[in-house]
Amino acid sequence: MRILIANRGEIAVRIIRAIREMGFVSIAVYPPDEKDAPYVKMADEAYELSSPRSFLDVREMVEIAIKAKADAVHPGYGFLSENPIFAQALMDEGIIRIGPRPKTLELLGDKVEAKRVAIKAGVPTLPSTLEPTKSVEEALAFADKIGYPVVVKAVGGGGGMGIRVARTPEELMVARNIAAKEAKQAFGDERVFIEKYLERTKHIEVQILADDSGVYHLYERDCSVQRKFQKIIEEAPSPALTDEERERVASYAVRVAEAVEFYNAGTVEFLYKDGRFYFLEVNPRLQVEHGVTELITGVDIVKEQINVALKGSVTFDQRDIKVNGHAIEVRVYAEDPFSGFLPSHGMIMRYRPPGGPGIRVDDGVAEGYIIPEYYNPLIAKVMSRGRDRNEAIIRLKRALKEFVISGVKTNIPLHLALLEDETFIEGKVRTRYLEEKMAEIQERMLVEYLKSLAALAVALSLRPKKEKLERSLVSKLFARFSDMRIRRR
Amino acid sequence: MRRSFEINGFKVEVELKDGKGKVRFDNKEFDVELKDRKGDKFLVSVSGENVLVRFVDDYTALINGRFLSFYVIERPLIKRFDGRASKMETMVPKEFLVAPIAGRVTDVLVKSGHKVSKGDTLVVLESMKMLIEVKSDRNGKVEEVLVKRGDVVTKGQPLIKFSKDEK
């Protein structure tokens, strides 16, 4: 069995690992300037694409799958993973697509349509237009009816793009235009709709897996720590839910999945506030944060995806699924937390990811790797598992402190500040918390960092030059890199 | 003893006498004291908090259990106005709103003469496939718009010039 991965970076590495464990052949595809990336080197075979944009090119991707004689394609997340045309094109060529059916992708790709299905299945949702709004006037009139704040969402949206909150009619006019433009750019579909915006909610999502016999769930993840609608910390189980609520949201998720005849892996997203859940959308693909669910349930979601695609069945029973301990994940990005979280591009000079008890790192970089400018600057996902949430937090902090990365700036200082935050420790973080508290958290992060630098500066001042440690060959090489880097600045 | 560095992009000034003194950053200052030293291991009190620094190599230190990669540029104490120093501190006059990131201008929402308030979106940039709203950092009046839709701008490039008189 030959499986092609229509993706790159850490998720390509993750999928190659699953393919290898199952004894199949892994095939990577890569843009010209990524031929040395770890995922390319790790795969059994690799094929070059024509450009970085090829990951979004249905025709080129199908052609390369044919050329590579792939039996199946795993799309990962993002790129073409939710594209029904790609799914259909593969099917037409007799290639198995690891994921839901094209028909389901089409239905779920339309957020408004998905909401209608959920309502029909008796799952609660937030008030919204049940058609895309055709004009600014229509949007304003609807917002007036349900009351502000409202959120403008792309009908074909996802990943935090094409979403804008508006608290006044003036804001709504601007928000609608920006969301539509962003949506057009990202998804080629500028339709937007208006939904009631709930303040201070928890973002709860349920992992589902479906095969020929039905829909299974792997309980929920809590992804409430977000910045600009992008998830930063994810954990499982949610520290905010009671056991009754945990079962209730899982059953809602199964109900929605059954209503759309869902197949393979997906995630059903909800907002949670005051004991109530509101259905948001279904993501018909593997999620970035699937690892935390794997850590607490022991199920390898990627292997299950492949099993479902090839044999039509998962390898577990719902009865087997128990929540065991607690897992937390942080996304380490190449961005500068001290100047507005702008992407920090450049070459990774040194790289030593953490390890030890209860730590899992899913990454796709190595020393000498240059973070490309045209993709999301994710370096690694660091996950921890503990017997309880407290142990998971302690382990994650320990791991982040062990992480050696130089050459690019990372958001690790922000994660360390967040893991020390009282509201986070109490498990009470709601969406928008970061926006509200950002100034305070950033100040704390800065002071902590400057204290370290102050101590380092004292030590550097007192350490005579000749007393420097003898340079190893590696550090000599590194010195040349870092001199080059300084000259470039 | 006075030393001046740039560590990881932060300007630092150290002033020490008999192991005691101050460390200054652009807008923060800490009282410091060397408590103990053994070879490449330093125990430094920073604002009364003990911080243990161990050099792993010339580019990595273990600071209170955390590996910190660093690069250091030694800075002369008296600022010399040579080409190098001026390049490191390219100053943009206060009346400009600059691009926070390199990207392409997808929208300009104001014209010269417009009055704007702090927080208003003035320019929208596209970068990393995201739209970034560049917001006004003040209440004021736009004197000149320096970019147009479709322009490619670099980080730090002025986008809007504000009138000097109205703040």
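What you see is a predicted model, and the numbers here were worked out from it, not measured in a lab.

(A) Spatial organisation of the overall build of chain B. Tallying secondary structure elements over chain B gives one helix and 17 strands in all. For chain B, with 167 residues in total, the buried portion stands at 23%. In chain B, the share of contacts with a sequence separation of at least 24, taken over all contacts with a separation of at least 6, comes to 42%.

(B) Molecular detail of the overall build of chain A. Along its length, chain A carries 16 helices and 22 strands. Since a compact globule built from 489 residues should have a radius of gyration of about 23 Å, the 23 Å found for chain A is in line with a globular shape. With respect to the principal axes defined by its C-alpha atoms, chain A has extents near 75 × 55 × 45 Å. Here chain A holds 489 residues, and the buried ones make up 50% of them. In chain A, of all internal contacts separated by at least 6 residues, the share reaching a separation of at least 24 is 64%.

(C) How the structure looks around the pairing of strand β2 (residues 25–30) of chain A. All names here are of chain A. The element β2 is largely enclosed, with a buried count of five among its six residues. Taken together, strand β1 (residues 2–5), helix α1 (residues 9–21) and β2 form a β-α-β motif whose crossover is right-handed. Pairing between β2 and strand β3 (residues 45–48): four bridges, direction parallel. Within β3, the position partnered with Y30 by the bridge is E48.

(D) Spotlight on the sheet that holds strand β9 (residues 72–74) of chain B. Overall, antiparallel pairing links the nine strands, which are arranged β8-β7-β6-β5-β4-β3-β2-β1-β9 (chain B) in an open sheet. The outermost strands of the open sheet, each flanked by one partner alone, are β8 (66–69) and β9 of chain B. Neighbour-to-neighbour, the strand axes of this sheet turn through a mean angle of 30°, independent of strand direction. In terms of strand pairing, strand β7 (residues 60–63) of chain B meets β8 of chain B through four bridges, oriented antiparallel. In the sheet register, I63 of chain B faces β8 of chain B, and the bridge partner there is R66 of chain B. The strands touched by helix α15 (residues 433–462) of chain A are β1 (2–7), β2 (10–17), β3 (20–24), β4 (29–38), β5 (41–46), β6 (49–57), β7, β8 and β9 of chain B; relative to β5 of chain B, the strand with the most contacts, the crossing angle is about 130°.

(E) Structural context of the confidence of the model for chain B. Residue and element names in this part refer to chain B. Summing up the model confidence of chain B, the mean pLDDT is 84 and the portion of residues at 70 or higher is 87%. Residue range residues 78–90 is modelled with pLDDT below 50. Its contacts to residues more than four positions away, or to other chains, number three contacts. Reported confidence for the predicted complex is 0.84 by ipTM and 0.83 by pTM.

(F) The nonpolar core, seen in detail. One finds I208, A253, V256, A257 and F270 of chain A to be the most contacted residues of the largest nonpolar core, which totals 117 residues. Summarising the domain contributions, this core has at least three residues from each of domain 1 (2–98) and domain 3 (202–443) of chain A. Filtering out sequence-adjacent residues up to four positions away, A253 of chain A remains in contact with V206, I208, H217 and V268 of chain A. In this structure, A143 and A175 of chain A together with L131 and L159 of chain B belong to the second largest nonpolar core, which totals 38 residues.

(G) Local environment of the interface of chain B and chain A. Of the residues lining the interface, 47 residues belong to chain B; the matching set on chain A comes to 36 residues. Considering each element in turn, the side of chain B that touches chain A owes the most residues, five residues, to β6 of chain B. For the side of chain B that touches chain A, the class distribution of residues is 33 nonpolar, six polar and eight charged.

(H) Representation of the domain arrangement of chain A within the structure. Here chain A is described as being made up of domain 1 (2–98), domain 2 (127–196) and domain 3 (202–443). For domain 2 of chain A and domain 3 of chain A, the distance between their C-alpha centroids amounts to 27 Å.

(I) Structural detail: helix α10 (residues 290–297) of chain A. Residue and element names in this part refer to chain A. Counted residue by residue, α10 has eight buried out of eight residues, so it is predominantly covered. Taken as a whole, α10 has its buried residues at H290, G291, V292, T293, E294, L295, I296 and T297. Backbone geometry just after α10 places G298 at a positive phi near 80°.

(J) Expanded view of α1 of chain A. Residue and element names in this part refer to chain A. Counted at 1.5 Å a residue, the expected span for α1 with its 13 residues is 18 Å, and the 19 Å between its end C-alpha atoms agrees. By the criterion of burial, α1 is predominantly enclosed, with ten of the 13 residues buried. All of the buried residues in α1 are G9, E10, I11, A12, V13, R14, I15, I16, A18 and I19. Downstream of α1 by one or two residues, G23 has phi in the positive range, about 80°.

(K) The packing of helix α7 (residues 136–146) of chain A against helix α8 (residues 169–187) of chain A, seen in detail. All names here are of chain A. It is at 10 Å that the axes of α7 and α8 come closest, and there the two elements cross at 135°. Put simply, α7 runs oblique to α8. When you trace α7 past α8, the crossing you get is right-handed. Along the contact surface, α7 presents V136, A139, L140 and A143, while α8 presents P169, L172, M173 and R176. Of the residues contributing to the contact of α7 with α8, the split by class is seven nonpolar, no polar and one charged.

Conventions and cut-offs
Residues numbered from 1 in each chain as written. Chains lettered and ligands numbered in written order. Predicted model: local features only at pLDDT ≥ 70, side-chain atom pairs only at ≥ 80, totals over all residues. Helix = DSSP H or I, 4+ residues; strand = E, 2+ residues; numbered from the N terminus. Buried ≥ 20, exposed ≤ 12 C-beta atoms within 10 Å, placed from the backbone. Contact = placed C-beta atoms within 7 Å. Rg over C-alpha atoms; globule rule 2.2 N^0.38 Å. Right-handed = clockwise from strand over helix to strand, strands pointing away. Pairing = 2+ DSSP bridges. Axes fitted to C-alpha atoms, helices over the stretch in contact; angles between N-to-C directions. pLDDT = per-residue confidence, 0-100. Core = buried A, V, L, I, M, F, W, Y, C linked by C-beta atoms within 7 Å. Domains from an automatic or database assignment. Nonpolar A, V, L, I, M, F, W, Y, C, P; charged D, E, K, R; others polar. Expected span 1.5 Å × (residues − 1). Parallel < 35°, antiparallel > 145°, perpendicular 65-115°, else oblique. Left-handed = near helix turned anticlockwise from the far one by under 90°.

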